[in-house]
Structure formats: structure tokens, C-alpha cells
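Results of the structural survey
So you can see what is in the structure, the chains are spelled out below.
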Amino acid sequence: MQGEQGRNAVQRGGFDPHTVFEKILAGELPATFVYRDDLVAAFMDIQPITPGHTLVVPLLKAATLAELPPATGERMFAVAQRIGAAIRRTELACEGINLFLADGVAAGQTVFHLHLHVFPRHAEDGFRWKLPDGYYTPPPREEIANTGAAIRAALAAD
Ligand code: AMP
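Report on the accompanying structure. From a predicted model like this one, the values you see are computed outputs, not experimental measurements.

Thoughts on the overall build of the protein
A tally of regular secondary structure across the protein gives four helices and five strands. If you list the helices and strands of the protein from N to C, you get α-α-β-β-β-α-β-β-α. Taking all 158 residues of the protein together, 34% fall into the buried category. Long-range contacts, defined here as pairs at least 24 residues apart, represent 55% of the contacts in the protein between residues at least 6 apart. Taken as a whole, the protein presents about 10100 Å² of accessible surface, with 57% of it coming from carbon and sulfur.

Written as C-alpha cells, this is what we have:
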């Protein structure tokens, strides 16, 4: 359902969210690939947050995390880890790496073919997470514990 919402959403940058990564993987749209194996591929983001911004993408069609086979997710993370290490060995001279995955419109997903962002960070690169109002006043511990208990119960019922 999230996928359908996303397909109808107004897209940042005017991308076609439904097909753009599928077309790239099929060689029908250009991209700068850095990696490909039997489960995933990685190519450079067309609108990099910082130079070196790379996307790790499953070869199979999975719009969201719920559709992603765990073995493919494991491979995505392992490849992102390798790419992060490779970026650190380039002349981009990064001081850190962020991994980021948006699952759903509310999480910022704009392309509904799942992807793991890998982007180099520098202290002065200008990228910042905007935290919600009230963030610096933590909720009571009991509230956090109750939420944790709800997640544990959901996991147990999995
Ligand atoms: P998200 O908002 O997490 O769904 O990220 C989508 C990402 O895909 C953005 O960082 C876009 O810049 C990137 N993107 C969109 N179209 C292309 C394309 N044709 N080639 C490479 N990256 C793309």
C-alpha cells in the first residue's frame, strides 16, 4: 500500500519513481555502476547529498522493506559496508559515512524500488538531520520501556 501511495505522490526532482531503478538495472537508462552481483547492484546517485553518494539496490523488484527477502537485505548491507570502506580509500577524504534507507513515503522514500543510500560525510558538508520539536527533552523512561515491550510482543508474534 505504501508503494501505491508513493507512486501517486508528488516526487522530489520529478523522477519517475515506479520505473527509474528498474530501467537502470535493465540498462535502459544510464547510470554509473560501481558494483553488481547475483542479488544487488550499486550505482551513483544522480543528485548526491555529498560527492560519492551511492545507492545499493536489489536486482529483484521490492518496493519496500516488507517485500525484501532477508538474504537480499543482508547482501545490501554487506555491499554498503564494502562501498563505505572503498569510499574511505578514495580521494574524497571523507571523515564519516552515513547509511540511510527510507521505507515508505513518511520516511522520505521517493523511488519505490528499495535502495540503501551510502554517502560520505564531512564535518562541514552542510547535511543535517532536522530533529522534531521537543527532541532534547527525553520522554519518561517508563514510556520508552512500554514502547519497547510493545515491540518485543510484536516480534514474539512474528
Ligand atoms: P529516496 O528518497 O530514499 O527514495 O531516494 C531516491 C534517490 O534516488 C534520490 O537520492 C535520488 O537522487 C535518486 N535517483 C533518482 N533518480 C535517479 C537516477 N536516474 N539515477 C540515480 N539516482 C537517482
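Here we look at the site of the ligand
Taken together, 18 residues surround the ligand, and among them D45, G108, T110, H115 and H117 come closest. Mapped by element, the contributors of at least two residues to the shell around the ligand are α2 (20-25) and β2 (40-44). Looking at which element gives the most residues to the shell around the ligand, the answer is α2, with three residues. Partitioning the shell around the ligand into residue classes produces 10 nonpolar, six polar and two charged.

A short note on the side chain of T54
Of note, T54 is situated in strand β3 (residues 54-58). For T54, a relative accessible area of 2% gives the class buried. A polar side-chain atom of T54 sits 2.7 Å from the main-chain carbonyl oxygen of G52.

A closer look at helix α3 (residues 70-88)
For α3, which comprises 19 residues, the first-to-last C-alpha distance of 27 Å matches the rise-based estimate of 27 Å (1.5 Å per residue) to within 8%. Listed as buried for α3 are T72, M76, V79, A80, I83, G84 and I87. Buried residues of α3, viewed axially, fall in a sector of 145°; they line one side. More than 90 degrees from the buried face of α3, the exposed residues found are P70, E74, Q81 and R82.

Rules of the game
Residues numbered from 1 in each chain as written. Predicted model: local features only at pLDDT ≥ 70, side-chain atom pairs only at ≥ 80, totals over all residues. Heavy atoms only, no water. Helix = DSSP H or I, 4+ residues; strand = E, 2+ residues; numbered from the N terminus. Buried < 20%, exposed > 50% of the residue type's maximum accessible area, 1.4 Å probe, protein only. Contact = heavy atoms within 4.5 Å. Areas by Shrake-Rupley, 256 points an atom, 1.4 Å probe, with all protein chains shown as cover. Near = heavy atom within 4 Å. Nonpolar A, V, L, I, M, F, W, Y, C, P; charged D, E, K, R; others polar. Polar contact = N/O pair within 3.5 Å; in protein donor to acceptor, adjacent residues only side chain to side chain. Expected span 1.5 Å × (residues − 1). Arc of directions from axis to C-beta.

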